[in-house]
Amino acid sequence: MSSNSYFVIVGTRDNPLYEADLGQPPPQPQQARVADGGGKKDEHKHLNQFIVHAALDVVEDLMWGTSAMYLKVVDKFNEWYISAYVTASGAKLMLLHDAANTDGIRNFFQDTHELYIKALLNPFTEINSPITSAHFDTKVRALARKWL
């Protein structure tokens, strides 16, 4: 796995549906995070969110000019690359990463898209609502270990 990766699913209204820092273990409960000084992690998380949010305009421009779902690397910020994948419904899967692994990233996006569709098939799931399932998070992290 790439040492540093941040993955986010952005809904059709540009709202975050799911986000995961794939270079880190799953988040700790709030009390434990405060006890071990989680301030730096929060700053890093906000920077990741800012970088991905800044790349949304580029993704929206590119998605209308091609029929491909996988848009490859759409933007670069310092040593970070932003890769994007757009679903047929207009949801955007975006990955902020520090290593170029085009085939692995494409496979990760395709498998995560399939997992996202399965999550949407749940009759209790509303479109454009945040995905809070621990099972979904575990599967995404397993796919990241496999492909990134």
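Each remark here, short or long, concerns the structure printed above.
Note that this is a predicted model, so its numbers are computed, not measured.

1. Considerations on the pattern of salt bridges
The final tally for this structure, using the stated rule, is five salt bridges. Note that K92 and D14 form a salt bridge whose closest N and O atoms lie 3.7 Å from each other. Here D14 lies in the loop between β1 (5-10) and β2 (16-21) and K92 lies in strand β5 (residues 92-97), a separation of 78 residues in the sequence. Residue D14 is classed as partly exposed on the basis of its relative accessible area, which comes to 35%. Here K92 and E60 are joined by a salt bridge, their closest N and O atoms 3.9 Å apart. Of this pair, K92 sits in strand β5 while E60 sits in helix α2 (residues 39-63), and the two are 32 residues apart along the sequence. Looking at E60, the relative accessible area reads 23%, which means it is partly exposed. One salt-bridge network, in which partners are shared between bridges, spans D14, E60 and K92.

2. Let's talk about the sheet that holds β1
Read across the open sheet, the five strands follow the order β2-β1-β5-β4-β3; overall the sheet is antiparallel. On the outer flanks of this sheet lie β2 and β3 (70-77), each paired with one strand and no other. Along the sheet, successive strands turn relative to each other by an average axial angle of 15°, direction set aside. The pairing of β3 with strand β4 (residues 80-86) spans six bridges and is antiparallel. Bridge assignment links Y70 to a residue of β4, and that residue is Y85. Relative to β5, helix α3 (residues 102-120) is tilted by about 145°, and along the sheet it contacts β1, β2, β3, β4 and β5. Sitting on the sheet, helix α4 (residues 134-147) touches β1 and β2, and the angle it makes with β2 is about 50°.

3. A few points about the environment of D103
With respect to the element layout, D103 can be found in helix α3. Separated by 3.1 Å, the side chains of D103 and R106 make a polar contact.

Thresholds, definitions, all that
Within each chain, residue numbers correspond to sequence positions counted from 1 in written order. In view of the model being predicted, local features appear only for residues whose pLDDT reaches at least 70, and side-chain atom pairs are presented and counted only at 80 or more, with totals across whole chains, interfaces and linings using the full set of residues. Side-chain metrics rest on all non-hydrogen atoms present in the structure, leaving aside hydrogens and water. Salt bridge, as used here: a side-chain nitrogen of Lys or Arg that lies within 4 Å of a carboxyl oxygen of Asp or Glu. Only DSSP runs of H or I with at least four residues qualify as helices, and only runs of E with at least two residues qualify as strands; both kinds are numbered from the N terminus onward. Note on exposure labels: buried denotes an accessible area under 20% of the residue type's maximum, exposed denotes more than 50%, and partly exposed covers the range between, all computed with a 1.4 Å probe on protein chains only. For two strands to be treated as a pair, DSSP must find at least two bridges joining them. For helices, the fitted axis covers only the stretch in contact; all axes are lines through C-alpha atoms, and the angles between them, taken along N-to-C directions, range from 0 to 180 degrees. Contact definition: two residues touch when any of their heavy atoms are within 4.5 Å. Any pair of nitrogen or oxygen atoms within 3.5 Å is treated as a polar contact; in protein, a donor-acceptor pairing is required on top of that, and neighbouring residues in sequence qualify only through side-chain atoms on both sides.

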